[in-house]
Every structure is written in C-alpha cells, then in structure tokens.
Amino acid sequence: MSNAPVDKGRRRFLTVATGVVGGAGAVAVAVPFIASWNPSARAKNAGAPVEVNIAKAEPGQMIRVKWRGKPVWVVRRTPEMLKELDGIADRLRDPDSQEPQQPSYAANKYRAIKEEFFVAVGICTHLGCSPTYYQSGMGEHVEGVASGFFCPCHGSKFDIAGRVFQSVPAPLNLVVPPHYYVDDNTILVGEEKGQA
C-alpha cells in the first residue's frame with residue numbers, strides 16, 4: 001500500500017459519477033420495460049370506435065362493420081318494418097328492453113336513436129353464433145313477421161329491433177353497442193356522444 005494521502009475530492013467525484021452512470025443505466029432499462037406494458041397500436045385500433053357511412057344505405061339494406069373483433073350491423077329499416085314492431089310485443093321475451101343489452105338512449109320500442117336505423121352487435125345471445133338477416137321471408141321462421149334475424153345454429157329468432165322471441169334458446173335481446181350520429185350520414189360505433 002502506498003503511504004500517499006487519500007484524495008477525498010477525487011473519491012467523492014468517482015462515487016457520484018458511478019451513481020449517476022448507474023442511475024442512467026437503470027432508467028435506460030426501465031423505460032422500454034414500462035413502455036412494454038402499454039397496449040400495442042394494433043390492440044388500440046381493435047378497440048377504437050368505427051365510423052359507418054350510412055349515406056348510401058338503401059331501405060332494407062344491412063351494412064356490416066367490424067368493431068372490437070365482432071360484427072356490427074347497421075340496418076336501414078323501411079316504414080313497413082317499423083309498423084311490424086307494434087303487433088308482436090306479446091310474443092317477445094323482453095319487449096320493453098328491461099335487460100341492460102343497450103345504452104339507455106336505445107331502451108325503446110325501436111332500440112335505436114333514430115327509428116330508421118338499427119345498430120346491433122351481430123352475435124346471438126345464446127352461444128355466440130351469427131344470426132341471418134331476413135329483409136323479407138322471416139315468416140317461414142315466425143308466423144306473421146316479415147323481417148328480422150334468425151340464428152340457424154339453435155333456432156333463436158329476433159325481430160327487426162333485435163328483440164328475442166319467447167320459447168327460443170337465446171335468453172336476451174341482441175346487444176346494441178354504444179354509438180351516436182356524428183352527422184346525418186355518419187354513425188360512430190363504440191363511443192357515446194360526449195365521451196373523450
């Protein structure tokens with residue numbers, strides 16, 4: 001060992017410098033690690049709201065879009081389809097939409113904001129199959145009903161407002177996702193008006 005005196009200033013400098021370099025290294029490792037906890041851009045897009053252009057939708061036409069990996073239907077109902085909703089309430093399991101299968105603004109006879117357009121997640125509430133849309137011809141599955149949705153997997157039947165008929169396997173009405181009208185030609189599915 002040397003008998004030279006200890007340079008305390010140099011020792012203090014080396015201690016501080018080592019601490020700073022170690023701290024910078026810890027931050028350099030922590031930042032990417034913590035960033036990996038955030039959802040990927042693909043995951044963010046999968047849950048993002050979807051715009052649906054309804055400007056060219058013909059009466060009776062159904063537009064299909066994908067939201068959160070699920071099919072969403074937008075049906076432009078005809079006046080005849082809307083009239084049909086009046087006479088079948090006694091044959092439905094939940095005609096007044098008491099079960100929480102829709103936002104409060106869609107808990108009405110039409111299950112919609114604007115009665116002309118019906119927006120629903122296209123998945124049967126029984127086992128998750130995708131029902132078939134009948135613009136006409138639903139009468140072969142439900143007497144006296146011209147239009148609606150029929151699930152061929154197990155025979156569940158829904159009217160043109162997505163309300164489930166009695167005595168079928170599906171326990172609930174079709175789900176109405178949160179949505180609102182951006183303008184007269186565009187619906188934003190997946191977000192309620194006023195959400196940020």
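The rules we used
- Residues numbered from 1 in each chain as written.
- Predicted model: local features only at pLDDT ≥ 70, side-chain atom pairs only at ≥ 80, totals over all residues.
- Heavy atoms only, no water.
- UniProt positions renumbered as here; feature names shortened; annotations may be inferred.
- Helix = DSSP H or I, 4+ residues; strand = E, 2+ residues; numbered from the N terminus.
- Domains from an automatic or database assignment.
- Salt bridge = Lys/Arg side-chain N within 4 Å of Asp/Glu carboxyl O.
- Buried < 20%, exposed > 50% of the residue type's maximum accessible area, 1.4 Å probe, protein only.
- Phe/Tyr/Trp six-rings, centres within 6.5 Å; stacked < 30°, edge-to-face > 60°.
- Pairing = 2+ DSSP bridges.
- Axes fitted to C-alpha atoms, helices over the stretch in contact; angles between N-to-C directions.
- Core = buried A, V, L, I, M, F, W, Y, C linked by side-chain atoms within 4.5 Å.
- Contact = heavy atoms within 4.5 Å.

*Asks:* For the UniProt feature "transmembrane region" (unreviewed entry) in the chain, give the residues involved together with the corresponding values.
*Replies:* Mapped onto this numbering, the UniProt entry gives "transmembrane region" (unreviewed entry) at residues 12-35. As annotated, residues 12-35 comprises 100% helix and 0% strand, and the C-alpha atoms at either end are separated by 34 Å.

*Asks:* Please set out the domain arrangement of the chain residue by residue, giving values where relevant.
*Replies:* Each assigned domain of the chain is listed here: domain 1 (1-38) and domain 2 (49-189). Between domain 1 and domain 2, the C-alpha centre-to-centre distance is 64 Å.

*Asks:* How would you summarise the pattern of salt bridges if you had to cite specific residues and measurements?
*Replies:* The tally for this structure, following the rule as stated, stands at 4 salt bridges. The shortest N-O distance in the salt bridge between Glu-116 and Arg-76 comes to 2.5 Å. Placement of Glu-116 in the loop between helix H3 (79-84) and strand E4 (117-121) and of Arg-76 in strand E3 (residues 70-76) is noted, with a sequence separation of 40 residues between them. With a shortest N-O distance of 2.7 Å, Asp-159 and Arg-163 are connected by a salt bridge. Judged by its relative accessible area of 1%, Asp-159 is buried. With relative accessibility at 2%, the residue Arg-163 sits in the buried group.

*Asks:* Tell me about the packing of aromatic side chains, and please be specific about residues and values.
*Replies:* Tallying each qualifying case throughout the model produces 3 aromatic pairs. Ring geometry for Trp-73 and Phe-149: centres 4.8 Å apart, planes at 15°, overall stacked. Of this pair, Trp-73 sits in strand E3 while Phe-149 is found in strand E6 (residues 148-151), placing the two residues 76 residues apart along the sequence. Like Phe-149, Trp-73 is buried. Between Phe-118 and Phe-149 the ring centres are 6.1 Å apart and the planes differ by 45°, which places this aromatic pair in the tilted class.

*Asks:* Please set out the UniProt feature "domain: Rieske" (unreviewed entry) in the chain residue by residue, giving values where relevant.
*Replies:* Following the UniProt record, one finds the feature "domain: Rieske" (unreviewed entry) at residues 84-188. Along residues 84-188 one finds 1% helix and 23% strand; the C-alpha atoms at either end are 27 Å apart.

*Asks:* Account for the sheet that holds strand E1 (residues 50-53), naming residues and giving values.
*Replies:* Taken in spatial order, the 3 strands line up as E1-E9-E8 in an open sheet, and their pairing is antiparallel. Two strands lie at the open edges of the sheet, namely E1 and strand E8 (179-183), each paired on one side alone. Within the sheet, the average angular offset between the axes of one strand and its neighbour, ignoring direction, is 30°. Note that E1 and strand E9 (residues 186-189) share 4 bridges and pair antiparallel. Bridging across to E9, Asn-53 finds its partner in Thr-186.

*Asks:* Residues and numbers for the sheet that holds strand E7 (residues 156-159), please.
*Replies:* Taken in spatial order, the 3 strands make up an open sheet running E5-E6-E7, and their pairing is antiparallel. The sheet terminates laterally at strand E5 (132-134) and E7, the two strands that pair on one side only. Put simply, the sheet's adjacent strands are angled 20° from each other on average, direction ignored. In this structure, E5 lies alongside E6, joined through 3 bridges in antiparallel fashion. Looking at the pairing, Tyr-134 lines up with Gly-148 of E6.

*Asks:* Mind laying out the pairing of E6, listing which residues take part and the relevant values?
*Replies:* With burial as the criterion, each face of E6 is covered, one bearing Gly-148 and Phe-150 and the other bearing Phe-149 and Cys-151. Relative to E7, E6 runs antiparallel, the two being bridged by 4 bridges. Bridging across to E7, Phe-150 finds its partner in Lys-157.

*Asks:* Before we move on, can you summarise the nonpolar core with the specific residues and values?
*Replies:* Core analysis: the biggest nonpolar cluster contains 22 residues, and Val-75, Tyr-133, Phe-149, Phe-158 and Ile-160 have the highest contact counts within it. For this core, the secondary structure elements donating two or more residues are E3, H3, E4 and E6. Setting aside chain neighbours within four positions, we find Val-75 in contact with Gln-61, Met-62, Glu-116, Phe-117, Phe-118, Tyr-133, Phe-149 and Ile-160. Residues Ile-54, Ala-57, Trp-67 and Val-189 belong to the second largest nonpolar core, which totals 14 residues.

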